[in-house]
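Each chain is listed here by its residues.
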Amino acid sequence: MATTKPADIPNVSKDELLGYYRDMLLIRRFEEKAGQLYGMGLIGGFCHLYIGQEAVVVGLEAAAKEGDKRVTSYRDHGHMLACGMDAKGVMAELTGREGGYSKGKGGSMHMFSREKHFYGGHGIVGAQVPIGAGLSFADKYLGNDNVTFSYFGDGAANQGQVYETYNMAQLWDLPVVFVIENNQYAMGMSVKRSTKSPSYWERGVAYGIAGEAVDGMDVLAVKAAGEKAVAHCRAGKGPYILEVNTYRYRGHSMSDPAKYRTRDEVEKMRSEKDAIEHVRELLVQGGHATDDDLKAIDKEIKAVVNESAEFAKESPEPDVSELWTDIYA
Amino acid sequence: MATQVLMPALSPTMEEGTLAKWLVKEGDTVTSGMVMAEIETDKATMEFEAVDEGIMGKILIAEGTSGVKVNTPIAVLVEEGESADDVEAPAEEKAPEGEKAEAKSDAAHMDKPAVTSPAAPVAGKRDVSPDWPEGTKMKTMTVREALREAMAEEMRGNDKVFVMGEEVGEYEGAYKITQGLLDEFGPKRVVDTPITEHGFAGLAVGAAFGGLNPVVEFMTFNFAMQAMDQIVNSAAKTLYMSGGQMGCPIVFRGPNGAAARVGAQHSQDYSAWYAHIPGLKVVIPYSAADAKGLLKQAIRDPNPVIFLENEIMYGRSFEVPDVDDFTIPFGKARIWREGKDVTIVSFGIGMTYALEAADKLAEEGIEAEVIDLRTLRPIDYETVLESVRKTNRCVTVEEGFPVGSIGNHISATIMQQAFDYLDAPVINLTGKDVPMPYAANLEKLALVTTAEVIEAVKSVCYR
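Enquirer: Looking at this model, I keep getting lost on the overall build of chain A. Mind explaining?
Expert: When you go through chain A residue by residue, the secondary structure sums to 11 helices and eight strands. For 329 residues, the compact-globule formula gives about 20 Å, and the C-alpha radius of gyration of chain A, at 19 Å, lands near that figure. Once the C-alpha set of chain A is aligned to its principal axes, its extents read approximately 55 × 50 × 40 Å. With 329 residues in all, chain A has 60% of them scored as buried. Counted over contacts in chain A with a minimum sequence separation of 6, partners at least 24 positions apart contribute 75%. Each charge class in chain A was averaged separately, 38 positive and 47 negative side chains, and the resulting centres sit 3 Å apart.

Enquirer: Explain the sheet that holds strand 7 (residues 65–69) of chain B to me, please; I cannot follow it from the model alone.
Expert: Strand pairs in the sheet, formed through backbone hydrogen bonds, run parallel or antiparallel to each other. Residues and elements named next belong to chain B. Strand order in this open sheet of four strands is 5-4-2-7, and the pairing throughout is antiparallel. Both outer strands of the open sheet, strand 5 (45–49) and strand 7, are each paired with one neighbouring strand and no more. Taking each pair of neighbouring strands and ignoring which way they run, the sheet shows an average axis angle of 40 degrees. Sheet topology note: the strand 2 (residues 16–22)/strand 4 (residues 35–40) ladder contains four bridges and is antiparallel. Within strand 4, the residue paired with Lys21 across the bridge is Glu38.

Enquirer: Whenever I open this one, empty space enclosed by the protein confuses me. Can you help?
Expert: Unfilled space is identified by rolling a water-sized probe across the atoms. Residue and element names in this part refer to chain B. Applying the stated criterion across every chain, the model contains six cavities of 30 Å³ or more. As for the largest cavity, its lining consists of 14 residues, and the residues nearest its centre are Ser267, Gln268, Glu399, Phe401 and Met436. Partitioned by chemical class, the residues of the lining of the largest cavity number six nonpolar, five polar and three charged. Both of domain 2 (138–321) and domain 3 (334–460) provide at least three residues apiece to the lining of the largest cavity. Approximately 90 Å³ is the volume found for the second largest cavity. Looking at the second largest cavity, it is lined by 14 residues, and the ones nearest its centre are Asn256, Ile284, Asn310, Gly348 and Ile349. Of the residues belonging to the lining of the second largest cavity, the class tally is five nonpolar, five polar and four charged. When residues of the lining of the second largest cavity are assigned to domains, at least three fall in each of domain 2 (138–321) and domain 3 (334–460).

Enquirer: What should I look at first to understand the packing of aromatic side chains in this one?
Expert: How two aromatic rings sit relative to each other is set out by the distance from centre to centre and by the angle between their planes. Residue and element names in this part refer to chain B. In total, this model carries 22 aromatic pairs over all chains according to the counting rule given. Plain terms: the ring middles of Phe218 and Phe252 are 5.7 Å apart, the flat faces sit at 15 degrees to each other, and that makes the pair stacked. With Phe218 in the loop between strand 12 (213–217) and helix 5 (228–236) and Phe252 in strand 13 (residues 251–255), the pair connects residues that are 34 residues apart, well separated along the chain. The two residues Phe218 and Phe252 agree in class, both being buried. Plain terms: the ring middles of Tyr286 and Trp336 are 5.2 Å apart, the flat faces sit at 70 degrees to each other, and that makes the pair edge-to-face. Of this pair, Tyr286 sits in the loop between strand 14 (281–283) and helix 8 (288–300) while Trp336 sits in strand 17 (residues 334–337), placing them 50 residues apart in sequence.

Enquirer: Whenever I open this one, the nonpolar core confuses me. Can you help?
Expert: Soluble globular proteins tend to bury their nonpolar side chains together. The biggest cluster of nonpolar side chains holds 79 residues, and the ones touching the most others in it are Phe137(A), Phe218(B), Phe252(B) and Tyr274(B). When residues in this core are grouped by element, the largest group, eight residues, is from helix 4 (residues 197–209) of chain B. With sequence-adjacent residues up to four places away left out, Tyr274(B) is seen in contact with Phe221(B), Ala224(B), Met228(B), Ile231(B), Leu280(B), Val282(B), Ile306(B), Leu308(B) and Arg377(B). Grouped together as the second largest cluster of nonpolar side chains are 66 residues, Leu220(A), Val230(A), Met254(A) and Ala309(A) included.

Enquirer: What should I look at first to understand the interface of chain B and chain A in this one?
Expert: Interface extent is often summarised as the accessible area lost during association of the parts. Taken together, the contacts link 77 residues of chain B with 61 residues of chain A. Counting each side, the surface lost to burial between chain B and chain A is near 5,600 Å², with a carbon and sulfur contribution of 59%. Contact with chain A buries area across many residues of chain B, yet Leu203(B), Tyr240(B) and Met241(B) alone supply 13% of it, more than any other trio. Taken together, the connections running from chain B to chain A amount to four salt bridges. Ionic pairing is found between Glu49(B) and Arg270(A), a salt bridge with its closest N-O pair at 3.8 Å. Put simply, chain B and chain A have 26 residue pairs in polar contact (both at pLDDT 80 or more) between them. Elements with a contribution of two residues or more to the side of chain B that touches chain A: strand 5, helix 1 (96–108), strand 10 (161–165), strand 11 (190–192), helix 4, helix 5 and helix 6 (238–241) of chain B. For the side of chain B that touches chain A, the leading source of residues is helix 4 of chain B, giving 10 residues.

Enquirer: Would you take a moment to explain helix 9 (residues 263–273) of chain A for this structure?
Expert: Because an α-helix packs 3.6 residues into every turn, residues spaced three or four apart end up facing the same way. Among the residues of helix 9 of chain A, Val266(A), Met269(A) and Arg270(A) are the ones counted as buried. When helix 9 of chain A is viewed along its axis, its buried side chains cluster within an angular range of 95 degrees and face the same direction. For helix 9 of chain A, the exposed residues lying more than 90 degrees away from the buried face are Asp264(A), Ser271(A) and Glu272(A). Against strand 5 of chain B lie the buried residues of helix 9 of chain A.

Enquirer: Looking at this structure, I do not really get the packing of helix 5 (residues 128–142) of chain A against helix 6 (residues 160–171) of chain A. What am I missing?
Expert: The description of two helices packed together rests on the angle between their axes and the distance between the axes. Residue and element names in this part refer to chain A. The N-to-C vectors of helix 5 and helix 6 enclose an angle of 20 degrees; their axes lie 8 Å apart at closest approach. The pairing of helix 5 with helix 6 is recorded here as roughly parallel in orientation. Of the two elements, helix 5 crosses helix 6, and the hand of that crossing is left-handed. Residues Val129, Pro130 and Ala133 of helix 5 lie in contact with helix 6, whose contacting residues are Gln161, Val162 and Thr165. By residue class, the composition of the contact of helix 5 with helix 6 is four nonpolar, two polar and no charged.

Enquirer: Mind showing me how you'd approach the domain arrangement of chain B here?
Expert: Taken domain by domain, chain B consists of domain 1 (3–89), domain 2 (138–321) and domain 3 (334–460). In this structure, domain 1 of chain B and domain 2 of chain B have C-alpha centres spaced 57 Å apart.

Enquirer: Please clarify how the confidence of the model for chain A should be interpreted in this entry.
Expert: Any region with low pLDDT has predicted coordinates that should not be read closely. The share of residues in chain A with pLDDT of 70 or more is 97%, and the mean pLDDT across the chain is 94. A low-confidence stretch, residues 1–9 of chain A stays under pLDDT 50, and its non-local contacts, those more than four residues away or across chains, total 19 contacts.

Conventions we followed
Along each chain, residue indices are assigned from 1 in the same order as the chain's sequence is written. Key to labels: chains lettered from A, ligands numbered from 1, both in the order written. Note on the predicted model: pLDDT of at least 70 is required for a residue's local features to be given, and 80 or more for side-chain atom pairs to be given and counted; whole-chain, interface and lining totals, by contrast, use all residues. Based on all heavy atoms of the structure, the side-chain values leave hydrogens and waters out of the count. Only DSSP runs of H or I with at least four residues qualify as helices, and only runs of E with at least two residues qualify as strands; both kinds are numbered from the N terminus onward. Only C-alpha atoms enter the radius of gyration, while the globule expectation follows 2.2 Å times N to the 0.38, with N the number of residues. Exposure classes here rest on a 1.4 Å probe applied to the protein chains alone. A residue is buried below 20% of its type maximum, exposed above 50%, and partly exposed in between. What makes two residues a contact is simply this: any of their non-hydrogen atoms within 4.5 Å. None of His or the chain ends enter the tally, which takes Lys and Arg as positive and Asp and Glu as negative. Every charge is mapped to an atom, namely NZ of Lys, CZ of Arg, CG of Asp or CD of Glu. We treat two strands as partners when DSSP finds at least two bridges between them. Whenever a helix is involved, its axis is fitted only over the stretch in contact; in every case the axis is a line through C-alpha atoms, and angles between N-to-C directions fall within 0 to 180 degrees. Within this scheme a cavity is a closed region of a 1 Å grid, computed over the protein atoms alone, that accommodates a 1.4 Å probe without allowing it to escape, whereas a pocket is open but has protein on both sides within 12 Å along at least five of seven lines; lining residues each have an atom within 4 Å of a point. Grid points are joined across faces, edges and corners, and a volume is the space filled by probe spheres set on the points. Basically, the charged four are Asp, Glu, Lys and Arg, the nonpolar ten are Ala, Val, Leu, Ile, Met, Phe, Trp, Tyr, Cys and Pro, and anything else, Gly included, counts as polar. Residue ranges for the domains trace back to a domain assignment, done automatically or taken from a database. By convention, a stacked pair of Phe, Tyr or Trp rings (six-membered ring in the case of Trp) has centres within 6.5 Å and planes under 30 degrees apart, an edge-to-face pair has planes over 60 apart, and any other such pair is tilted. Put simply, buried Ala, Val, Leu, Ile, Met, Phe, Trp, Tyr and Cys residues joined by side-chain atoms within 4.5 Å make one nonpolar core. Here the quantity called buried area is the total loss of accessible area, with a 1.4 Å probe, experienced by two parts when brought into contact, counted for both. Salt bridge, as used here: a side-chain nitrogen of Lys or Arg that lies within 4 Å of a carboxyl oxygen of Asp or Glu. Side-chain atoms alone can form a polar contact between residues adjacent in sequence; in general such a contact is a pair of N or O atoms within 3.5 Å, and within protein one must be able to donate a hydrogen while the other accepts it. What the arc covers is the set of directions going from the helix axis to the C-beta atoms. When an angle is under 35 degrees it counts as roughly parallel; over 145 it counts as roughly antiparallel; between 65 and 115 it counts as roughly perpendicular; any other value is oblique. Here is the rule for handedness: rotate from the far helix to the near one, and if that takes an anticlockwise turn smaller than a right angle the crossing is left-handed, while a clockwise turn gives right-handed. The predictor reports its confidence for every residue as pLDDT, a score running from 0 up to 100.

This is the structure we're talking about:
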């Protein structure tokens, strides 16, 4: 149960690396665009950006198979893009338009896709954790070998329902991977100020749950740990905890003055640990791609993001009759 | 091509701010994510990061400028070889100004009725069909047996239905509602949970999202307060928030309301709490037949259903139709007794007092019409209104607290839709506005009583 080190990482192909590069870049560019649209008043309310944490979802999606489920908190745009949801539908939900995944009725924090097995998008800190266990309960009950990724942050990790869920998940051998995205800050509260037991995955030991910490700025390390976790769940050995150490570059939400950390701290992470830069280096150093190749990808991603933004601006607001639909099935 | 940089909104409510400091100067290369400026709002100083890449062609708003409106162009980014001077009156970004203004004017009118918003759909015609055909063979059974039969029948009919909760399996139910279910269906479908309401309610909601039909027993609804967030925020609202994708077919059931001598924390009627929430259905049966027919209906319903039972009622016997598959639709009140002088509206254990009072009132020549709402979401308004139009008087009876009670809501509906028919103000009988006391004499005083119903009816009849 030690931290997965880069040395443990198996050989990785050019195509895989290019895939990770593309997926992470899509999230980053998408989020930057969302930030811009927010600044223009096209996105309202709360908007929590995923910039900096891209390697977490991209690495774990690489360990998933068709049928696996995922559920997360309100910092959810990255998870949706990583599991293959359409950037246009996500962006249009951010702008509250008819073309959004929830027809504009959910917003940034509340989006879903049955087709892609994405179960939200939950606005209440920690509430998605038992829901994730419940999804895995359903899979076990139905007798398939699907696994659920239940994502939450270091802030949610202090919620009581997380430990209620650990207890039941282990008791019933549920195939759920609890992914603690430790981005070091729960809103403005640093890990150091919120707990004296900062190794979150080790809390699972009290319930008999296996787990480990992993470098969340390294997509290959995340993928390797994810594969281990998923194998554990699929083998019927019950839940697994991954504490993925990562970092968000932007504020908690758009209206975060970031007084709780220094600019130097953020700059240091960006310049020394950036997940996308890391893969870019692997690609260039390994002779897998030239700067021009990567520029072409950048351009392609930019086009996808711009197209999503255009769609999100052009899509009409939901019809007023939508006020009264979808209250009951 | 030149790109305008606009003054950003950095919080949901920001309309203008101070451009405190430029961190780039004209001619600097800008990459996306780079901090370009510091902007002060009334709350904080925030960093403003670049989205687009390019060269800082021209700074349009000097640092130190205050009162810069959101979406004002503050700088122009150019591409290599391009000069900012070439850029004349760069094209406005689409829409934002107009949208903002519009949003603001909407907000200003929030306190007025939204005349353009479509009205809530009105309920359909009143269902007056009998619950079962005349001549149906009946059998006597307790509410407890009726509930157990309902679950067992639905579990036999659909293998995705399972029961979970504290002591539902090996202990056979704290109130023996699940007696025998473990034997018949096994531990996969009769799941004993640890004492962890918040957790297992959330887990069950996830199981419902995942394609199962959970029946969650709360040992009593007092303990469901621990799970309130999962019931309201996760179960009730997700269908709406997902634009109709993510339904939650789940039943939360268990005893609700005062039992006997168990004090304030174990004696509360949550009818009005749950009835407040769009997205929930709320059922509160009185008789064994209703308990059975409505619970079967609840388990088949594709929505989250709150099913409020009552410990005191569990052992009471009623006639139940002896048929294979018997359900009662939601939103259909039952008229237990017809009368011309006054309408008594109640539900759940309140019906005990309502019916007792009606018997005694009949001896004094007052004929009360007694309506059991049976479901509080949806509510059968039409049956109540039709009765009030006939009797011109109404008394509501429930055990819950008085403020924001179901009776208050029924009264308001009558006032709005049958005002001219009323010959007296509607009286709402409720539990008293106090935490439930333990002492036997005080507990009696805190609950609604048959005597109070009689007194209220006489009062509205001016007798």
